[in-house]
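# Residue-level structure breakdown
Spelled out, the chains give:
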Amino acid sequence: MKKILLLPALFLTWSCAELQQVANQYPELGQIGSTVSNTDIAAGLKEALNNGITKQVSKLTMTDGFFKNEAVKILLPDELKKVDKTLRDIGMSNLADEGLKVLNRAAENAVKEATPIFVSAVKNMTFTDARNILLGNDSSATTYLQNSTSTQLYAKFNPVVKSSLGKVGADKVWNQIISKYNSIPLVNKVNPDLNDYVTNQAMKGVFKMVAVEEKDIRNNLSARSSELLKKVFALQDNPR
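Residues numbered from 1 in each chain as written. Predicted model: local features only at pLDDT ≥ 70, side-chain atom pairs only at ≥ 80, totals over all residues. Heavy atoms only, no water.

Here we take up the packing of aromatic side chains. In this structure the tally under the stated criterion is zero aromatic pairs. The cationic tip of Lys-73 hangs over the ring face of Phe-67; the distance from NZ or CZ to the ring centre is 4.7 Å. (Phe/Tyr/Trp six-rings, centres within 6.5 Å; stacked < 30°, edge-to-face > 60°. Lys NZ or Arg CZ within 6 Å of the ring centre and 35° of its normal.)

What follows concerns the packing of helix α4 (residues 78–89) against helix α8 (residues 170–182). The contact between α4 and α8 brings their axes to 10 Å, and the two run at 75 degrees. In terms of their interaxial angle, α4 and α8 are classed as roughly perpendicular. For the pair α4 and α8, contact is made by Leu-80, Lys-82, Val-83, Thr-86 and Leu-87 and by Trp-174, Ile-177, Ile-178, Lys-180 and Tyr-181, respectively. (Axes fitted to C-alpha atoms, helices over the stretch in contact; angles between N-to-C directions. Helix = DSSP H or I, 4+ residues; strand = E, 2+ residues; numbered from the N terminus. Parallel < 35°, antiparallel > 145°, perpendicular 65-115°, else oblique. Contact = heavy atoms within 4.5 Å.)

Counted according to the given criterion, the structure contains nine salt bridges. For the salt bridge of Lys-81 with Asp-78, the shortest nitrogen-to-oxygen distance reads 3.3 Å. Of the two residues, Lys-81 and Asp-78 are both situated in helix α4; the distance of three residues between them amounts to about one turn of the helix. Take Asp-78: its relative accessible area is 61%, and that puts it in the exposed class. The partner of Asp-84 in a salt bridge is Arg-88, with the nearest N and O atoms 2.8 Å apart. Of the two residues, Asp-84 and Arg-88 both sit in helix α4, four residues apart, roughly one turn of that helix. Judged by its relative accessible area of 17%, Asp-84 falls in the buried class. Each of Asp-64, Lys-68, Arg-105 and Glu-108 takes part in one network of salt bridges that share partners. (Salt bridge = Lys/Arg side-chain N within 4 Å of Asp/Glu carboxyl O. Buried < 20%, exposed > 50% of the residue type's maximum accessible area, 1.4 Å probe, protein only.)

The backbone of Asp-64 shows a phi angle near 70 degrees, a positive value even though the residue is not glycine. Positioned with a positive phi, Leu-186 is a non-glycine residue whose angle comes to about 75 degrees. With respect to the secondary-structure elements, Leu-186 resides in the loop between α8 and α9 (194–219). Using a relative accessible area of 87% as the deciding quantity, one classes Leu-186 as exposed.

On to the side chain of Asn-104, then. Tracing the backbone shows Asn-104 in helix α5 (residues 93–122). One polar contact links the side chain of Asn-104 to the main-chain carbonyl oxygen of Leu-100, over a distance of 3.0 Å. For Asn-104, the contacting residues outside a window of four places in its chain are Phe-66, Phe-67, Lys-73 and Ile-74. (Polar contact = N/O pair within 3.5 Å; in protein donor to acceptor, adjacent residues only side chain to side chain.)

The next thing to look at is the nonpolar core. Within the largest apolar cluster, 45 residues are counted, with the highest numbers of intra-cluster contacts made by Phe-66, Phe-157, Trp-174 and Val-198. Breaking this core down by element, the ones donating at least two residues are α4, α5, α7 (140–167), α8 and α9. Among the elements that line this core, the one with the most residues is α5, at 12 residues. (Core = buried A, V, L, I, M, F, W, Y, C linked by side-chain atoms within 4.5 Å.)

As a further point, take α9. An ideal rise of 1.5 Å per residue puts 38 Å on 26 residues; α9 measures up with 37 Å between its terminal C-alpha atoms. The residue sitting at the N-terminus of α9 and contributing the capping side-chain oxygen is Asp-193; that oxygen lies 3.3 Å from the backbone nitrogen of Asn-195. (Expected span 1.5 Å × (residues − 1).)

This prediction gives the protein chain a mean pLDDT of 77; 66% of its residues lie at or above 70. The secondary structure element of the protein chain with the lowest average pLDDT is helix α2 (residues 28–31), at 44, and the one with the highest is α8, at 92. Contacts from residues 1–16, a stretch scored under 50 in pLDDT, to residues over four places away or in other chains number 67 contacts. (pLDDT = per-residue confidence, 0-100.)

This is the structure:
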C-alpha cells in the first residue's frame, strides 16, 4: 500500500512544525534513502500540496474554468433540459446558450471567492484523521474531504454562489428564460432553485480537481516538478 497520499489543501493549512510531526511519526520513511531527511519529507509534502491548489483548483476560477473543462462543466439539470429544448424549438437558441454559460460563470466566480473558505474548512481535520489518510487507500483523501466538509462547505459556499449569480448576471438571464418558458401555452411551469444546483455542481468540480492532482503526483513522475519532490515521492514508489 502506498504510504504517502496527497490531498491538495490538506496540509497547505498546516505549519512546518505540524508537517514535521507527520514525518517524525513515520521515521521509517526517512530511513529508506540516506539523502532523504524528515525535514525534506515535510518540505516536499508542503511544496506538493501548494502545487495542488495552484495547478488545479485555481484553474476553476479562470474564465471558462468550468465552461470549457468537460470534466467539471455544469450542464442543465433534468428539470431545465425541457426548458432548453423548448426555447431552441421556438428559435431562442441564443438565450438558451447564454443560460448555460452564465451558470458556469457563476461557479467560476464563486470558487474564486470561496477558495479561502475551502482551505479554512480543512483546518478542522484532526491529526488522527490526517494519519489515517496518510495510511489509507488511494481514494481515502478525497473521500474523507467530501464526507467531513461537504455540509460545512455548502453552508458557507451557498451565499457566495448566490452573490456570484448576481455578479455575472445569471439571475437576470434565468429570470428571463423562466418567464419566457412559463408564458408558453400548455407547458408545466418551472421554478428551479439554481442557487442550490450551482452550489452543488461547483463543489463537485472542486473535489474532482483535487482528485486529479492527488492522482497525478502519486502516479506521474513528470508531475514532480522539483528535485525535492522527486526525492521525497520516490519513497512511495519504493515502499518497504
